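Fold and contact review
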Amino acid sequence: MRIALFVTCFNDTLYPGTGKAVVTLLERLGHEVVFPTAQTCCGQMHYNTGYDRECAPLVKDFVKTFQSFDAVVVPSASCAGMIRENHPRVARTIGDEALAEEARWTGARVHELTELLIDVLGVEDVGAYFPHRVTYHPTCHSLRALGVGDRPLRLLRAVRGIDLVELPDAAECCGFGGTFALKNPDVSAAMGADKVARIRQTGAEVVCAADNSCLAHIGGLLSRLRTGVRTLHLAEILAATD
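Not measured: the values here are computed from a predicted model.

1. Topic: the UniProt feature "domain: Cysteine-rich" (unreviewed entry) in the protein
- UniProt records the feature "domain: Cysteine-rich" (unreviewed entry) at residues 3-84 and 134-218, using the numbering of this structure.
- As a span, residues 3-84 carries 57% helix and 11% strand, and end to end its C-alpha atoms are 17 Å apart.
- From the first C-alpha to the last, residues 134-218 spans 15 Å; its make-up is 52% helix and 12% strand.

2. Quick word on the packing of aromatic side chains
- Considering all chains together, one arrives at 5 aromatic pairs under this definition.
- Relative to Phe 66, the ring of Phe 6 lies with its centre 5.6 Å away and its plane at 85°, an arrangement referred to as edge-to-face. Placement of the pair is Phe 6 in the loop between strand 1 (2-5) and helix 1 (9-14) and Phe 66 in helix 4 (residues 52-66), with a sequence separation of 60 residues. Phe 66 matches Phe 6 in its accessibility class, with the two residues each being buried.

3. Thoughts on the sheet that holds strand 8 (residues 230-233)
- Read from one edge of the open sheet, 4 strands run 6-5-7-8, paired in parallel fashion. The sheet is open, and its two borders are formed by strand 6 (163-165) and strand 8, each paired with just one other strand. Averaged over all adjacent pairs, the angle separating strand axes in this sheet is 35°, with direction ignored.
- Two strands pair when backbone bridges link them, and strand 7 (residues 206-209) and strand 8 are joined in this way by 4 bridges, in the parallel orientation.

4. Focus: the pairing of strand 5 (residues 133-136)
- Bridge count between strand 5 and strand 6: 3 bridges; the pairing is parallel. Across the sheet, Thr 135 pairs through a bridge with Val 165, a residue of strand 6.
- Sheet topology places strand 5 next to strand 7; 3 bridges connect them, and they run parallel. Counterpart to Tyr 136 in the pairing with strand 7 is Cys 208.

5. Considerations on the sheet that holds strand 3 (residues 72-74)
- The 4 strands lie next to each other as 2-1-3-4, forming an open sheet whose pairing is parallel. Two strands in the sheet have a free side with no partner beyond their single neighbour: strand 2 (32-34) and strand 4 (110-112). Going across the sheet, the axis of each strand differs from the next one's by a mean of 35°, ignoring polarity.
- For strand 1 and strand 3, the ladder comprises 2 bridges, and the chain directions are parallel. Among the inter-strand pairings, Ala 4 is bridged to a residue of strand 3, identified as Val 72.
- Across the sheet, helix 5 (residues 77-93) lies against strand 3 and strand 4, angled at about 155° from strand 4, the strand it touches most.

6. Regarding the pattern of salt bridges
- Tallying each qualifying case throughout the model produces 9 salt bridges.
- Between Glu 97 and Arg 92 there is a salt bridge, with its nearest N and O atoms 3.7 Å apart.
- With a relative accessible area of 43%, Arg 92 lands in the partly exposed category.
- The salt bridge partner of Glu 101 is Arg 104, with a shortest N-O separation of 2.7 Å. Separated by 3 residues within a single helix, Glu 101 and Arg 104 lie in helix 6 (residues 97-107), roughly one turn from each other.
- Taking the relative accessible area as the measure of exposure, Glu 101 reaches 41% and is therefore partly exposed.
- The structure contains a network of salt bridges with shared partners spanning Glu 124, Asp 150 and Arg 154.

7. Here's the deal with the side chain of Asn 86
- The topology assignment puts Asn 86 in helix 5.
- For Asn 86, a relative accessible area of 12% corresponds to the buried category.
- A polar atom in the side chain of Asn 86 sits 2.9 Å from the side chain of Arg 89.
- When near neighbours in sequence (up to four residues on either side) are disregarded, Asn 86 contacts Tyr 47 and Gly 81.

Cut-offs applied
- Note on numbering: residues in each chain are counted from 1, in written sequence order.
- For this predicted model, a pLDDT threshold of at least 70 governs which residues receive local features, and a threshold of 80 or more governs which side-chain atom pairs are given and counted, while totals over whole chains, interfaces and linings are taken from all residues.
- Excluded from the side-chain calculations are hydrogens and water; all other atoms, namely the structure's heavy atoms, are used.
- UniProt positions are given in the numbering used here, feature names are shortened, and annotations may be inferred rather than shown by experiment.
- Here a strand is any run of E in DSSP of at least two residues, a helix any run of H or I of at least four, and the numbering for each starts at the N terminus.
- We call Phe, Tyr and Trp rings a pair once their centres come within 6.5 Å, taking the six-membered ring for Trp, and we label the pair stacked below 30 degrees between planes, edge-to-face above 60, and tilted otherwise.
- The buried label applies to any residue whose accessible area, calculated with a 1.4 Å probe on protein chains only, is under 20% of its type's maximum; exposed applies above 50%, and partly exposed to all values in between.
- When DSSP finds at least two bridges between two strands, those strands are taken to pair.
- Note on geometry: axes are C-alpha line fits, over the in-contact stretch for helices, and angles between N-to-C directions span 0 to 180 degrees.
- The contact criterion used throughout is that any non-hydrogen atoms of two residues lie within 4.5 Å.
- Only one rule defines a salt bridge in this text: a Lys or Arg side-chain nitrogen within 4 Å of an Asp or Glu carboxyl oxygen.
- Definition of a polar contact: a pair of N or O atoms within 3.5 Å, with one able to donate and the other able to accept a hydrogen when the atoms are protein atoms, and with sequence-neighbouring residues admitted only if both atoms are side-chain atoms.

Right under this line is the structure:
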């Protein structure tokens, strides 16, 4: 299958290893991965802070760049949710029904990584090997916007060598929330502290998730406490073989 990678600006800038892991994983499974160089931002930051109209050019750019592909993989649940749920809304805000329909049509082909693997490619065992104690944090967008359910856990359970431990109160927010963390830093830090306490209870060496934005928040708190716990995007675990 020929699959386009929308890496997201956050990953491209701060976590390029995640994008590389997605390519490694999908190519190992026998698929061709294309990286359209015209891609930019999905507009989530703009939309979440009320700049709907300013977000419209990004929606147009996304549609133009990705509408020719049968499948688009996004290693970020929050960005995938923005594209599928909010791109048509942005188009309607500026009164462009044609763009709204194009955004809906294109968005239907956009998949968060675990959705792509299980729902589109029909695979749970991706041939990964990761001999470490791991806990999984289900991010708010993956749970509430996309409804990925247990897909990430099904993929993790099939990883050879892994010691997967349940995270207590896993569904609670980590406190990041994009611009929420900037506008409400004290509340954000308190929520993050609760999440970190739960992670430490598991004795995990690694905490993983489908969003590097949440992992950046969690990882900062873990680092300041010198816990020794690493953060890794789910894709990097699934791409590992030694």
